[in-house]
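Residue strings, one per chain:
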Amino acid sequence: MLDLFSRMIASTKFHYLPEACNPRVHRPLPLSSADRDQYGCDAMLAGTLYYYRQEILEQLACFDLKVWGAQPDWLVHRLLGKSTGRYVHGDDKVRAALAAKVCVNTLHYAEVNGLNCRAFEIAGCGGFQLVTNVPVIADHFEPGSEVVTFNSVAELVEKITYYLRNPNEAAAIAARGQVRAHRDHTYEHRLNELLGIALG
């Protein structure tokens, strides 16, 4: 949209302002054994289900998958036993991100070359994130070091399998992602950038 508007509308300047995390909410928490029982799984996704996302998640049936989010009435549900039908927020979202071995972030196709807020929130929580590969990721995180990307469902399955077998590597990536999110991608950073543009 930034590219399109900048080329087509001459009367206004446009700027891309990414989403962010809130370090007072999106931060590591200690997990109790009850938390691990409730939220623990191989892979989780926190977000509303829709057909595109469901098609991707159906192909992860070989894993212990938990989907935290709304199930719209218009959706024919095919993730039986995987979708909780419960939206998580605040500390519960943090617990879900930390108790899962892998946090899957399937970007909506309408994001095009943008990132959703989940990308910054999962990182801020300290969750290990596998996110759809789009070029803009490299502007915010170091792929392979702070988050891990995938280009296809086959690659997603391959990488989930790899990191389930290499949890220490996943934990190190998650820790670096958390440092980066809190250092560069908070709402305070975004507000300062917005005010700098508006008042500069």
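What you are looking at is a predicted structure, and each value in this text was computed from that prediction instead of being measured.

1. Digging into the environment of histidine 77
Item 1. With respect to the element layout, histidine 77 can be found in the loop between strand S2 (65-68) and helix H4 (90-99).
Item 2. With relative accessibility at 32%, the residue histidine 77 sits in the partly exposed group.
Item 3. As for histidine 77 and leucine 49, which are separated by 28 residues in sequence, their C-alpha atoms are 8.8 Å apart.
Item 4. Apart from the residues lying within four places of it in its own chain, the contact partners of histidine 77 are Gln54, Gln71 and Pro72.
Item 5. Within the structure, the side chain of histidine 77 is placed 3.4 Å from the side chain of glutamine 71, a separation counted as a polar contact.

2. Let's talk about the pattern of salt bridges
Item 1. On inspection of all chains with the given rule, the structure shows 13 salt bridges.
Item 2. Notably, a salt bridge pairs aspartate 42 with lysine 101, separated by 3.7 Å at the nearest N-O pair. One end of the pair, aspartate 42, is in strand S1 (residues 41-46); the other, lysine 101, is in strand S3 (residues 100-105), with 59 residues separating them in the sequence.
Item 3. Residue classification places aspartate 42 among the buried residues on the basis of a relative accessible area of 18%.
Item 4. Measuring nitrogen to oxygen at the nearest pair gives 3.0 Å for the salt bridge that ties arginine 95 to aspartate 92. Here arginine 95 and its partner aspartate 92 are both found in helix H4, 3 residues apart, which amounts to about one turn of the helix.
Item 5. With relative accessibility at 26%, the residue aspartate 92 sits in the partly exposed group.
Item 6. A single salt-bridge network, built from bridges that share partners, covers Asp35, Arg86, Asp92 and Arg95.

3. What to know about the sheet that holds S2
Item 1. Taken together, the 5 strands give an open sheet; going across it, the order is S2-S1-S3-S4-S5, and neighbouring strands pair in parallel fashion. One side of each edge strand has no neighbouring strand; the edge strands of this open sheet are S2 and strand S5 (148-150). For this sheet the average axis-to-axis angle between neighbouring strands, irrespective of direction, equals 25 degrees.
Item 2. Examined bridge by bridge, S3 and strand S4 (residues 129-132) share 3 bridges and lie parallel to one another. Opposite asparagine 105, over in S4, you have valine 131 as the bridge partner.
Item 3. On the sheet, helix H5 (residues 117-125) packs against S1, S3 and S4 and is oriented at approximately 165 degrees with respect to S4.

4. Examining the side chain of histidine 185
Item 1. With respect to the helices and strands, histidine 185 occurs in the loop between helix H8 (167-184) and helix H9 (187-199).
Item 2. In this structure histidine 185 comes out as buried when scored by relative accessible area, which is 4%.
Item 3. Here the side chain of histidine 185 touches histidine 140 through a polar contact of 2.7 Å, landing on its backbone oxygen.
Item 4. Here arginine 190 takes part through its side chain, which lies 3.0 Å from a polar atom of the side chain of histidine 185.
Item 5. Excluding anything up to four places from it in sequence, histidine 185 contacts Ala20, Cys21, Phe120, His140, Phe141, Arg180 and Arg190.

Rules and cut-offs
Residues numbered from 1 in each chain as written. Predicted model: local features only at pLDDT ≥ 70, side-chain atom pairs only at ≥ 80, totals over all residues. Heavy atoms only, no water. Helix = DSSP H or I, 4+ residues; strand = E, 2+ residues; numbered from the N terminus. Buried < 20%, exposed > 50% of the residue type's maximum accessible area, 1.4 Å probe, protein only. Contact = heavy atoms within 4.5 Å. Polar contact = N/O pair within 3.5 Å; in protein donor to acceptor, adjacent residues only side chain to side chain. Salt bridge = Lys/Arg side-chain N within 4 Å of Asp/Glu carboxyl O. Pairing = 2+ DSSP bridges. Axes fitted to C-alpha atoms, helices over the stretch in contact; angles between N-to-C directions.

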